[in-house]
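Below, each chain spelled out in residue letters.
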Amino acid sequence: MQIFRRSGVVFRSGSELLVDASGIKGREALITHAHSDHAKPTSSNTYYMTSQTRALLGQNAGRQNMVEVPFGKKFRVGGFECSFRPSGHILGSAQLEVANGSHAVFTSDFKLQKSILFEGAEILPAETLVIETTFGTPEYSFPERDVVYEDIIRWVHSMLGQGRFVVLGGYSTGKAQELTKVCSELLGEAPLVYGRVFEQNRAYESQGVKLGDYIALDNNFGDANVLIMPPHLIDDSLLAAIGRQLGKKAEAAIATGWGLSKYKSFPLSDHADFNALLRYVKESAPKLVLTTHGFEKEFAGHVRKKLGINARPLSRDGQEAVTSFSG
Ligand SMILES: [Zn+2]
Ligand SMILES: [Zn+2]
């Protein structure tokens, strides 16, 4: 089996298994989760995904042929036996187990931390492990999630105590649902949520994930003390406008693993930090590790040095992509 990257991750052994692929026509492909850098459905293809991912893709995925596969169920695509296993990243997000004589696991985006919404990813034993390394250097070390929740709650309470309005930034799919539940259940404040967040909250709830009370944003800033919206839409002019309307100051904080925001930020990430990545590799005990995304070179180096396991970044198609196995 060869494994390489070509607008997605490709497993090749006679036929090809395409994962999170773009730019394809008349093919079968797998989608690991609903984030737009992974789910790029276009017409004429057939896509396999979990039913939760299908729910999050919603209307955008209307015209294609979508096959919903439950977690843990084995299914065949070409010569490959596949199964999706939870990755703990967002609703419906899946790791992929692939077998066709040899055996590989692709983690896709994952985290090991349990959140207020989900269990963390299960660590799967693999012969070859393709691991997503967004935060693959030691400087990325995230606190326990409960500690971050407490920090958020303390900060929001202190802001509200000073008569401020609070804007919390989190990606519309994934982080915003976690923030919604933290606000409504841990903080006791039903938040206003931005339109796209509202839609995705509804999709989460349609799949049985309870988020507590929240209110759709509709020119109604006075209805709540907290607003949840995507971080890229938050800026000083927005905060000033909200402040003028409410006659009180609006303060923003962003939930992100990157910590690069000019606003207050909380290290609430949906990706594994460095130590969690190492732990995954160690417990999965693969013969070969292929790293993809983010600090892929750096992390492959750490795996070789710290764990003594053969590791390198996933190649592109055409560059020595051959991964040979016995059997
Ligand atoms: Zn993702
Ligand atoms: Zn991703």
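Overview of the structure. One numbering rule holds for all chains: residues counted from 1, following each sequence as written. Labels are handed out in written order, letters beginning with A for the chains and numbers beginning with 1 for the ligands. Restriction of local features to residues with pLDDT of at least 70 applies here, the model being predicted, together with a cutoff of 80 or more for giving and counting side-chain atom pairs; totals for whole chains, interfaces and linings are based on all residues. By convention in this description, side-chain values take in all heavy atoms of the structure and omit both hydrogens and water.

From N to C terminus, the protein includes 7 helices and 19 strands. For a compact globule of 327 residues, the expected C-alpha radius of gyration is about 20 Å, and the protein comes in at 21 Å, within 12% of that figure. Judged by the C-alpha coordinates and their principal axes, the protein covers about 70 × 45 × 30 Å. Out of the 327 residues belonging to the protein, those deemed buried represent 57%. Contacts are assigned to residue pairs with any non-hydrogen atoms lying within 4.5 Å of each other. Looking at the protein alone, contacts between residues at least 24 apart form 59% of all its contacts between residues at least 6 apart. Working note: accessible area of the protein is about 14,000 Å², and carbon and sulfur atoms make up 47% of it. Charged-residue counts in this description rest on Lys and Arg as positive and Asp and Glu as negative, His and the chain ends being excluded. By convention, the charge on Lys lies at NZ, on Arg at CZ, on Asp at CG and on Glu at CD. Counting 36 positive and 35 negative side-chain charges, the protein places the centres of these two groups 4 Å from one another. Helix and strand definitions follow DSSP, with helices as H or I runs of at least four residues and strands as E runs of at least two, each counted in order from the N terminus. Using C-alpha atoms as the atom set, the radius of gyration is obtained and then compared with a globule rule of 2.2 Å times the number of residues to the power 0.38. Three exposure classes are used, based on accessible area relative to the maximum for each residue type with a 1.4 Å probe and protein chains only: buried under 20%, partly exposed in between, and exposed over 50%. The method behind every accessible area is Shrake-Rupley, applied with a 1.4 Å probe, and residues are considered shielded solely by the protein chains displayed.

What follows is about the pattern of salt bridges. Criterion for a salt bridge: a side-chain nitrogen of Lys or Arg within 4 Å of a carboxyl oxygen of Asp or Glu. All chains considered together, the criterion is met by 20 salt bridges. Residues Arg27 and Glu16 are paired through a salt bridge, measuring 3.2 Å at the closest nitrogen-oxygen approach. One end of the pair, Arg27, is in the loop between strand E3 (15–19) and strand E4 (28–30); the other, Glu16, is in strand E3, and 11 residues separate them in sequence. By relative accessible area, Arg27 is classed as partly exposed at 31%. Here Asp270 ties to Lys111 by a salt bridge, and the two come within 2.8 Å at their closest N and O atoms.

Okay, the layout of surface pockets next. Only protein atoms enter the calculation, which uses a 1 Å grid: trapped sets of points that fit a 1.4 Å probe without letting it out are cavities, open sets showing protein on both sides within 12 Å along at least five of seven lines are pockets, and any residue with an atom within 4 Å of a point is a lining residue. Grid points are joined across faces, edges and corners, and a volume is the space filled by probe spheres set on the points. The space that makes up the largest pocket amounts to roughly 520 Å³. Along the walls of the largest pocket sit 27 residues, with His35, Ser36, Asp37, Tyr171 and Thr173 positioned nearest its centre. If you list the elements that add at least two residues to the lining of the largest pocket, you get helix H1 (51–57) and helix H4 (195–206). Domain delimitation follows an automatic or database domain assignment. Two domains each put at least three residues into the lining of the largest pocket: domain 1 (2–140 + 271–313) and domain 2 (145–266).

On to the nonpolar core, then. Here, nonpolar core means buried Ala, Val, Leu, Ile, Met, Phe, Trp, Tyr and Cys residues that are tied together by side-chain atoms lying within 4.5 Å of each other. Ranked by size, the top nonpolar core spans 46 residues in total, and within it Trp155, Val156, Val166, Leu168, Tyr204 and Ile228 carry the most contacts. Within the residue set of this core, elements represented by two or more residues are strand E5 (46–49), H1, helix H2 (145–161), strand E12 (165–169), helix H3 (175–187), H4, strand E15 (226–229) and strand E16 (250–255). Sorting elements by how many residues they give to this core places H2 first, with 8 residues. Mapping this core onto the domain boundaries places at least three of its residues in each of domain 1 (2–140 + 271–313) and domain 2 (145–266). In terms of nonpolar packing, the next biggest core, distinct from the first, is built from 23 residues, Ile3, Val69, Val98 and Leu290 among them.

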